[in-house]
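Residue-level listing of the chains:
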Amino acid sequence: SYDTRTKIEVLDDLIDFGIKAFPNVIPGAHLTDNGIIYNLGGISNITTIFSNESGYYPIIKTDEHGFNNPRGLYNENAVDIVLSGDSFTEGLSVNWNESISAVLREVGFRAISIGKLGNGPLIKFAALKEYAEPLKPKIVLWVYSPNDMVNLIEEMKSPVLKKYLNKDGFSQNLISRQREIDSVLIKYAQRERVREINKKIVDIIKLSKLRNLIHLLPKTKNKPKPAPITIFKDILQQSKQMVSEWGGEMYFVYLPSFDAQTSPAYANHDPFSEERNRKIVMQTATE
């Protein structure tokens, strides 16, 4: 069996059943209207859906900060493990009880995931500052994916994110501003929903899928960019220092890419190829 509905159709069905459902909002796609908040979590206490990669849409209930965890875990000095990462850490394509953090909780650890789709090294560091430092967990799992260097290039374009790296003690105090965050993200999600509906209509009119299949759409070329390894090293150093200062221990977890041989992002001609990327990243982490 395979769920052939679109995400919008799934959300509409949930709403029709009286469920408070919204799209899964990711960091980096939104700021408040006045540009003050750069959110790193999501909409709190709602139902959302993740990606359909195995025939079904995982239906998730977010915690009090919009992450994929049970509620009631955010207690200072009472958390064993905090995981910071991207979609793998978020558990984007599996049921709520099959994520990495859920498995850790199943075997007895008090674990919280602050991972979100698309997070690169700088957002992972910022999320630790905002959500892990106040809790002072015993262990931090820094989960690295091979596309993190590409993400870091984009993250360094954000003035807000760069403050986490370059300004001592910088924080937006996001853990205490969830009501404000929810207000902004709900409006953002509603605008995005309208945009997606309009885009679908335009795609139908333009027959975009058919044009793509017969190669009528222009192809874009990805220009190789230098890996920001020096910045990455600085991020890791500051992360380890922060965790050590509250008495915690940080583990670096490298997740190899399943599609390393086929994905354009890791093709042999690309500077971010899996083999080259891993050697550089592991050497940097070791140093």
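In this report, we go over the structure that sits alongside the text. Here the residue index of a chain counts from 1 through its sequence in written order. Residues qualify for local features only when their pLDDT is at least 70, as the model is predicted, and side-chain atom pairs are given and counted only at 80 or more; totals for whole chains, interfaces and linings, by contrast, use all residues. Only hydrogens and water are set aside when side-chain values are computed; all heavy atoms of the structure are taken into account.

## Here's the deal with the pattern of salt bridges
Note on definitions: salt bridges are taken to be side-chain nitrogens of Lys or Arg within 4 Å of carboxyl oxygens of Asp or Glu. Applying the stated criterion to the full structure yields eleven salt bridges. Between Asp-13 and Arg-5 there is a salt bridge, and its shortest N-O distance comes to 2.7 Å. Its salt-bridge partner being Asp-80, residue Arg-110 comes within 3.1 Å of it at the nearest N-O pair. With Arg-110 in the loop between α3 (100-106) and β4 (111-113) and Asp-80 in the loop between β2 (59-61) and β3 (81-84), this residue pair connects regions lying 30 residues apart in the sequence. Taken together, the shared-partner salt bridges in this structure form one network comprising Asp-3, Arg-5 and Asp-13. Helix and strand assignments come from DSSP, with helices taken as H or I runs of at least 4 residues and strands as E runs of at least 2, each series counted from the N terminus.

## Some thoughts on helix α5 (residues 148-155)
For the α-helix, the turn length of 3.6 residues means that residues three or four positions removed from each other point alike. Taken across its eight residues, α5 has six buried, putting it largely inside the fold. Taken together, the buried positions of α5 are Asp-148, Met-149, Asn-151, Leu-152, Ile-153 and Glu-155. Think of it in three bands: residues with accessible area under 20% of the maximum for their type are buried, residues over 50% are exposed, and the middle band is partly exposed, with areas taken using a 1.4 Å probe on protein chains only.

## Quick look at unusual backbone geometry
We note that Asn-45 has phi near 55°; this positive angle belongs to a residue other than glycine. Mapped onto the elements, Asn-45 comes out in the loop between α1 (7-16) and β1 (47-49).

## Notes on the nonpolar core
What tends to happen in soluble globular proteins is that the nonpolar side chains get buried as a cluster. In terms of nonpolar packing, the biggest core is built from 46 residues, with Leu-40, Ile-114, Leu-122, Phe-125, Leu-128 and Leu-161 touching the most fellow members. Those elements giving two or more residues to this core turn out to be α4 (121-132), β5 (139-144), α5, α6 (159-166), α7 (178-206) and α9 (229-245). Broken down by element, this core gets its largest block of residues, eight residues, from α4. Dropping the residues within four chain positions of it, Ile-114 is found in contact with Phe-67, Val-82, Leu-83, Ser-84, Asn-119, Ala-127, Leu-128 and Tyr-131. Among buried residues, those of type Ala, Val, Leu, Ile, Met, Phe, Trp, Tyr and Cys that are joined through side-chain atoms within 4.5 Å constitute a nonpolar core. In what follows, residue pairs with any heavy atoms lying within 4.5 Å of each other are defined as contacts.

## Side note on the packing of aromatic side chains
Between two aromatic rings, the relevant description is the distance of the centres plus the angle of the planes. Pairing of aromatic side chains here covers Phe, Tyr and the six-membered ring of Trp, requires ring centres within 6.5 Å, and sorts the geometry by plane angle: under 30 degrees stacked, over 60 edge-to-face, intermediate tilted. For the structure shown, the criterion picks out six aromatic pairs. An angle of 35° between the planes, with centres 5.8 Å apart, marks the rings of Tyr-144 and Phe-252 as tilted. Residue Tyr-144 is located in strand β5, and its partner Phe-252 is located in strand β6 (residues 249-254); the two are separated by 108 residues in the primary sequence. A residue is classified by how much of its surface remains accessible, and Tyr-144, at 0% relative accessible area, is buried. Assessed through its relative accessible area of 23%, Phe-252 is described here as partly exposed. Aromatic pair Phe-232 and Phe-252: ring centres 6.4 Å apart, planes at 65°, arrangement edge-to-face. Here Phe-232 is found in helix α9, whereas its partner Phe-252 is found in strand β6, with 20 residues between them in sequence. Using a relative accessible area of 0% as the deciding quantity, one classes Phe-232 as buried. Taken together, the aromatic side chains of Tyr-144, Phe-232, Phe-252 and Tyr-254 make up a single cluster linked through ring pairs. Sitting above the plane of the Tyr-254 ring, Arg-278 keeps its charged end 5.4 Å from the centroid. Put simply, a charge is over a ring when the Lys NZ or the Arg CZ is close to the ring centre, within 6 Å, and near the line of the ring normal, within 35 degrees.

## A short note on the packing of α4 against α5
Interaxial angle, 0 to 180 degrees, is taken between N-to-C directions of lines fitted to C-alpha atoms, where a helix line uses only the stretch in contact. Put simply, α4 and α5 touch, their axes get as near as 7 Å, and they point 75° apart. By the angle class used here, α4 and α5 are roughly perpendicular. Only Asp-148, Leu-152 and Glu-155 of α5 make contact with α4, whose side of the interface consists of Pro-121, Leu-122, Ile-123 and Lys-124. Three classes are used, and their members are as follows: Ala, Val, Leu, Ile, Met, Phe, Trp, Tyr, Cys and Pro are nonpolar, Asp, Glu, Lys and Arg are charged, and the others, Gly among them, are polar. Taken together, the residues of the contact of α4 with α5 sort by class into four nonpolar, no polar and three charged. Angular relationships are summarised with four words: roughly parallel below 35 degrees, roughly antiparallel beyond 145, roughly perpendicular across 65 to 115, and oblique for the angles in between.

## Overview of the environment of Leu-122
Checked against the element boundaries, Leu-122 lands in helix α4. Contacts of Leu-122, omitting those with residues within four sequence positions, involve Leu-152, Glu-155, Met-156, Leu-161, Lys-162, Leu-165 and Ile-235.

## Side note on the sheet that holds β5
Think of it this way: DSSP has to see at least two bridges between two strands before they count as a pair. Sheet architecture is open: four strands sit in the order β4-β3-β5-β6, paired in parallel fashion. Lying at the two open borders of the sheet, with one neighbouring strand each, are β4 and β6. With strand direction ignored, the average angle separating the axes of adjacent strands in the sheet is 20°. One ladder, built from three bridges, connects β3 with β4; its direction is parallel. In the sheet register, Leu-83 faces β4, and the bridge partner there is Ser-113. Against the sheet, α9 contacts β5 and β6, and its axis sits at roughly 145° relative to β6.

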